[in-house]
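Each chain is listed here by its residues.
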Amino acid sequence: MRIRTLIVLCLGCTGDKQGGLPIDEDSPPSSFIGSPCILDTDCNYPEARCLKDQEGFPGGTCTTPCEEFCPDAEGFPTTFCVDRDSLPIDRDSLPMVGEAAGMCVQRCDFAVYPFVGCRNDYGCVLVNRNHDPDAEVYACIPGQSILTPCMQELADRGVPFSSTVILDASPEEAPELTCHVDEPIIFHSGYLGIELVLSEGNETRSLRGDCTMGHALANTLEGLQIEGVVTFRHLGGYSCRPIAGTKILSRHARGDAIDIYGFDFDDGTRLTLVDNWEHDTTSFKSVEARQLYELANGWHKDLTWTVIL
């Protein structure tokens, strides 16, 4: 079993906009990359191209040639420049920009398309970025989804997340170390109506981390919703860094840790670790301190988070 770490007090830590709103599957977002189309003119952006139904793209799909990156738009899934060999079409029939140009597609996004990740007749398939085979995401390609078991379970729970790229990296303070995330995802704000914000209230709309972190965070939010929590305040998830003062990678470098700052409740009250936590005691001076302790102790006992500092 992998160890997941919840750091519930991390003063001075560094924290880490995308994804739209859930849609009606019968009326998917229109006129942008990944949207249904019949003609090129149905796609409203520069260098638009409609890959048509008869070319192997059910309902047509808006795209554009790309070298490595694609444009994004508010309210639509994040895009990805896929190697054209990953598409079910003869590469020679696609428009070229450069010698080995890719094509823009939607990434799988379970916030925009709950439970399924893509439009009807499209599935989540692991693909490579054009010119960069080390960068992989699950993108919407005609056919059936082929998700990892962890991601499929997350999708089946109705968790709003999307696949992302977190390439291996090394922290500046310890270049001999390598930060690696097995199944990188973005956990979007809004699960069960709970907003994700940075500690002082800036909406982040997302947290990057490993898929196992996604399950642990979903478990946490499900319990907090019962308590009346409407805002989850944090200081970040994935961060390629060592534990302060050491040459040992932080659990954040594996994407399975979160720094929790506090919670807002539906009655207007707020609990934060800075204001309400009481150290080294179980004889609490305040109801708020006991509530924080019982929350953390419960997460540890049921193994939602296996290490709590």
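Quick caveat, the model's predicted, so the values are computed rather than measured.

Chemist: Which residues make up the environment of C81, and what values do they have?
Modeler: Within the secondary structure layout, C81 lies in strand β5 (residues 79-82). Sequence spacing of C81 and D132 is 51 residues, and the spatial spacing of their C-alpha atoms is 9.8 Å.

Chemist: Describe in detail the state of the cysteines, supporting the description with residues and values.
Modeler: By the definition in use, this model includes 8 disulfides. Covalent S-S linkage joins C118 and C140, the inter-sulfur distance amounting to 2.1 Å. In this structure the cystine formed by C118 and C140 twists about its S-S bond by roughly -90°; its chirality is therefore left-handed. Taken together, the positions of C118 in the loop between β6 (102-106) and β7 (122-129) and C140 in strand β8 (residues 132-142) put the pair 22 residues apart, joining distant regions of the chain. Judged by its relative accessible area of 8%, C140 is buried. With a sulfur-sulfur separation of 2.0 Å, C179 is cross-linked through a disulfide to C240. Its S-S torsion of approximately 80° makes the covalent link between C179 and C240 right-handed. Of this pair, C179 sits in the loop between β9 (161-163) and β10 (184-188) while C240 sits in the loop between β13 (229-236) and β14 (257-265), and the two are 61 residues apart along the sequence.

Chemist: Can you explain the packing of helix α1 (residues 149-156) against helix α2 (residues 211-226)? Please cite residues and give values.
Modeler: One way to put it is that α1 packs onto α2 with a least axis distance of 9 Å and a crossing angle of 30°. One way to sum up the angle between α1 and α2 is to call them roughly parallel. For the crossing formed where α1 meets α2, the hand is left-handed. On the side of α1, the interface is formed by C150, M151, E153 and L154, while α2 contributes C211, T212, G214 and H215. A class-by-class count of the residues in the contact of α1 with α2 yields 4 nonpolar, 3 polar and 1 charged.

Chemist: Give a detailed account of unusual backbone geometry, specifying residues and quantitative values.
Modeler: Phi at D121 is positive, roughly 75°, even though this residue is not glycine. Tracing the backbone shows D121 in the loop between β6 and β7. Unlike most non-glycine residues, L303 shows phi in positive territory, near 65°. Secondary-structure assignment places L303 in the loop between α4 (287-301) and β16 (307-308).

What counts as what
- Within each chain, residue numbers correspond to sequence positions counted from 1 in written order.
- Predicted model: local features are reported for residues with pLDDT of at least 70 only, side-chain atom pairs are reported and counted for 80 or more only, and whole-chain, interface and lining totals are derived from all residues.
- Hydrogens and water molecules were not included; the side-chain quantities draw on all heavy atoms of the structure.
- What counts as a helix is a DSSP run of H or I of at least four residues, what counts as a strand is a run of E of at least two, and both are numbered from the N terminus.
- Criterion for a disulfide: a pair of cysteine sulfur atoms within 2.5 Å.
- Note on classification: 1.4 Å probe, protein chains only; a residue is buried when its accessible area is under 20% of the maximum for its type, exposed when over 50%, partly exposed between these limits.
- To define axes, lines are fitted to C-alpha atoms, for helices over the stretch in contact only, and angles between the resulting N-to-C directions are given on a 0 to 180 degree scale.
- Oblique is the label for any angle not covered by the other classes, which are roughly parallel (under 35 degrees), roughly antiparallel (over 145) and roughly perpendicular (65 to 115).
- Crossing handedness follows the turn of the near helix against the far one: under a right angle anticlockwise gives a left-handed crossing, and clockwise gives a right-handed one.
- Contacts: residue pairs with any heavy atoms within 4.5 Å of one another.
- Only Asp, Glu, Lys and Arg are considered charged in this grouping, and only Ala, Val, Leu, Ile, Met, Phe, Trp, Tyr, Cys and Pro are considered nonpolar; every other residue, Gly among them, is considered polar.

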